[in-house]
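# Examining the three-dimensional arrangement
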Amino acid sequence: MATRQNRNQPTKKKLRKGRTIFTIIIVIILAIAGLGFYQYKSSLNAAEADNSMKEFEFNGQKAEDVNDLNVLLIGSDSRGKDQGRSDSLLIAHYDTKSKSPKLVSIMRDTYVDIPGYGLNKINAAYSFGGPELVRQTIKENFGVNIEYYVVANFEGFPKIVDTLAPNGIEIDAEKDMSKNIEANIKAGKQKMDGETLLQYARFRHDAESDFGRVRRQQQVLNALKDQAQSIGTITKLPSLIGTMQGYTNTNVTTGMMISIGKDFVLGNAKDMADFRLPVDGTYKNVRNSHGSVLDIDVAANAKALQDFLKD
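To start, this report covers the structure provided alongside it.

Cut-offs and rules
Residues numbered from 1 in each chain as written. Predicted model: local features only at pLDDT ≥ 70, side-chain atom pairs only at ≥ 80, totals over all residues. Heavy atoms only, no water. Helix = DSSP H or I, 4+ residues; strand = E, 2+ residues; numbered from the N terminus. Buried < 20%, exposed > 50% of the residue type's maximum accessible area, 1.4 Å probe, protein only. Contact = heavy atoms within 4.5 Å. Areas by Shrake-Rupley, 256 points an atom, 1.4 Å probe, with all protein chains shown as cover. Axes fitted to C-alpha atoms, helices over the stretch in contact; angles between N-to-C directions. Parallel < 35°, antiparallel > 145°, perpendicular 65-115°, else oblique. Left-handed = near helix turned anticlockwise from the far one by under 90°. Nonpolar A, V, L, I, M, F, W, Y, C, P; charged D, E, K, R; others polar. Arc of directions from axis to C-beta. Pairing = 2+ DSSP bridges. Phe/Tyr/Trp six-rings, centres within 6.5 Å; stacked < 30°, edge-to-face > 60°.

### Regarding the overall build of the protein
- Helix and strand content of the protein: nine helices and 12 strands.
- Looking at the protein as a whole, 57% of its 311 residues qualify as buried.
- For the protein, the share of sequence-separated contacts (at least 6 apart) that also reach a separation of at least 24 residues comes to 73%.
- Just so you have it, the protein exposes about 13300 Å², and 46% of that area is on carbon and sulfur atoms.

### Some words on the packing of helix α4 (residues 157-164) against helix α5 (residues 194-202)
- Put simply, α4 and α5 touch, their axes get as near as 7 Å, and they point 125 degrees apart. By the criterion of interaxial angle, the relationship of α4 to α5 is oblique. As for the relative orientation of α4 and α5, their crossing is right-handed in sense. Contacts from Phe157, Pro158, Val161 and Asp162 in α4 reach Gly194, Glu195, Leu197 and Leu198 in α5.
- Considering only residue class, the contact of α4 with α5 consists of five nonpolar, one polar and two charged.

### Regarding the side chain of Arg135
- Mapping Arg135 onto the fold places it in helix α3 (residues 124-142).
- Look at Arg135 and you get buried, because its relative accessible area is 6%.
- Setting aside anything within four residues of it in sequence, one finds Arg135 in contact with Phe58, Asn59, Gly60, Gln61, Leu72 and Ile146.

### Section: α4
- Within α4 the residues assigned to the buried category are Phe157, Pro158, Ile160, Val161 and Leu164. Buried residues in α4, looked at end-on, bunch into an arc of 165 degrees, giving them a common side.

### Considerations on the sheet that holds strand β12 (residues 291-296)
- The four strands lie next to each other as β5-β4-β12-β11, forming an open sheet whose pairing is mixed. Sheet topology places β5 (118-121) and β11 (283-288) at the edges, where each strand pairs with a single neighbour. Strand-to-strand, the axes of this sheet are offset by a mean angle of 50 degrees, without reference to chain direction.
- With two bridges connecting them, strand β4 (residues 110-114) and β12 associate as parallel partners. Opposite Thr110, over in β12, you have Leu294 as the bridge partner.
- Along the sheet, α3 contacts β4, β5 and β12; its crossing angle with β4, the most-contacted strand, is approximately 90 degrees.

### Let's talk about the packing of aromatic side chains
- Per the stated rule, a full pass over the model turns up six aromatic pairs.
- Measuring from ring centre to ring centre gives 5.5 Å for Phe211 and Tyr283, while their planes differ by 20 degrees; the resulting arrangement is stacked. A residue pair is termed long-range when its members are at least 10 positions apart, and Phe211 in helix α6 (residues 210-228) and Tyr283 in strand β11 qualify at 72 residues.
- For Phe211, a relative accessible area of 19% gives the class buried.

See the structure below:
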């Protein structure tokens with residue numbers, strides 16, 4: 001690894017409302033949306049929202065295994081030309097043969113080589129060149145091809161959750177949370193509406209910072225997956241998809257949605273496997289000219305990611 005000045009912990013930044021967690025719902029919506037297109041096309045047309053998300057160039061590359069689909073998921077609260085940095089970055093992986101879904105969360109402060117720009121935090125790639133540069137960055141550093149992308153804006157998340165689960169989503173909250181979020185959450189099992197769930201997943205004002213937030217994202221994802229597979233979800237698909245379309249931009253095809261959607265809604269897909277980059281023991285907390293970063297062993301993390309996707 002390159003030599004950089006060391007520090008104990010990354011600095012904590014004030015959170016911008018909710019943009020991280022919205023990406024999580026995209027995994028669920030993309031999985032069930034296909035069946036919605038298939039069965040509720042006329043209703044969907046009536047429910048569509050205007051999509052003012054920016055259009056992106058994306059030169060996706062197929063995964064080496066013909067059965068694998070890799071989708072880049074980017075969470076952002078920006079619109080138009082001022083797209084800013086990505087606040088959340090994930091890779092959704094699906095093996096169409098084994099019906100195995102996997103989700104990779106990449107820490108936004110991961111320090112990598114961005115093609116054409118040099119070493120920087122991985123979340124800067126989106127600001128410099130949109131999802132295409134993020135794709136190139138992941139390929140160069142971790143050796144993984146990505147064919148599809150989704151850019152998601154946070155604003156629709158509470159509406160989508162409340163449509164999906166009018167009575168709330170059951171979550172076992174890890175701890176009491178209230179600092180720097182717009183909710184007063186107590187530890188323990190409870191049902192959360194969309195806004196409270198967003199606040200729970202975006203909380204990071206403690207010693208764990210982004211590491212705890214990534215873990216809670218994965219917890220929320222699994223809770224949403226369970227709800228999405230419930231018997232009542234199918235009747236809500238037109239409203240869910242209509243809300244989603246107003247806050248997302250993607251090159252995922254309808255055919256792909258239909259194929260994967262059937263697997264999830266009909267219960268054929270296996271349980272979601274979660275993974276985080278960087279992996280434990282392969283990074284140091286460092287401060288340099290780019291601020292607080294996670295200085296990683298690139299080779300070790302590339303191997304760990306590739307092994308996870310192949311298992």
